[in-house]
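So you can see what is in the structure, the chains are spelled out below.
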Amino acid sequence: MTQELEVLDEGHKGWLSWIVARDHSTRSSRHRLDSLLPRMALLGEAACGRPIGKGWQEISRKAAELRAHNFAKSGLAYAPIRARLREGLVERKARLFFEHFAEDARAFTNCSLVANLEGQQTVAGWDPISASTFDMAFGLTGEQVTGIFCIEDED
């Protein structure tokens, strides 16, 4: 871990893992996320160890929070990924993670999203960050804070 990072919060519970660090780097948001990734514990293991760079797809913070709450509650393996996501669903660990960031923080995911016929964005594929069968990660970067929230699942 470089001197540019100071871990503020990290944890692992069930299929959820998260890390938030004070980040004084002036690098790009994707680089900051990739620098934090090896520090993250995922299902008792380290992250896959490879940076995903452009695999971090920028999305709106609202979309990131909606997906994080919904999939943290339901899991990924048997979740209706193409179904409509429910507004107002709250998962405590996801809420605590997002509270570390200002509203203007940039949000990213390791999933490629496409619009379906109903106008909803659906998962088209992903750049895995774990050894699990499925994972969905959300990275946020603020002025001096960087964090990753990951949902893992096995089929």
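Further up the page is the structure itself.
All values derive from a computational prediction rather than experimental measurement.

What counts, and where the lines are drawn
- Residues numbered from 1 in each chain as written.
- Predicted model: local features only at pLDDT ≥ 70, side-chain atom pairs only at ≥ 80, totals over all residues.
- Heavy atoms only, no water.
- Helix = DSSP H or I, 4+ residues; strand = E, 2+ residues; numbered from the N terminus.
- Buried < 20%, exposed > 50% of the residue type's maximum accessible area, 1.4 Å probe, protein only.
- Areas by Shrake-Rupley, 256 points an atom, 1.4 Å probe, with all protein chains shown as cover.
- Pairing = 2+ DSSP bridges.
- Expected span 1.5 Å × (residues − 1).

S.K.: Help me get a handle on the overall build of the protein, residues and values and all.
M.R.: A tally of helices and strands in the protein yields three helices and ten strands. For the protein, the α and β elements follow one another from N to C terminus as β-β-α-β-β-β-α-α-β-β-β-β-β. When each of the 155 residues of the protein is scored for burial, the buried share is 48%. Here the protein has roughly 8000 Å² of accessible surface; of this, 49% comes from carbon and sulfur atoms.

S.K.: Mind laying out the pairing of strand 2 (residues 16–23), listing which residues take part and the relevant values?
M.R.: Two faces, one strand: in a regular strand the side chains alternate between the faces of the sheet. Strand 2 sits mainly inside the fold: seven of its eight residues count as buried. Hairpin geometry of strand 1 (residues 5–13) and strand 2 is characterised by an intervening segment of two residues between the two adjacent antiparallel strands and by a positive phi of about 60° at Gly14.

S.K.: Tell me about helix 2 (residues 61–74), and please be specific about residues and values.
M.R.: Compared with the 20 Å implied by 1.5 Å per residue over 14 residues, the 20 Å span of helix 2 between its first and last C-alpha is a close match. The buried fraction of helix 2 is high, at ten of 14 residues. The set of residues buried in helix 2 consists of Arg61, Ala63, Ala64, Leu66, Arg67, Ala68, His69, Asn70, Phe71 and Ala72.

S.K.: Would you mind going over the environment of Ser29 in detail, with residue names and values included?
M.R.: As for its position among the elements, Ser29 is in helix 1 (residues 29–36). Taking the C-alpha atoms as reference points, Ser29 and Ala107, separated by 78 residues in sequence, lie 9.2 Å from one another.

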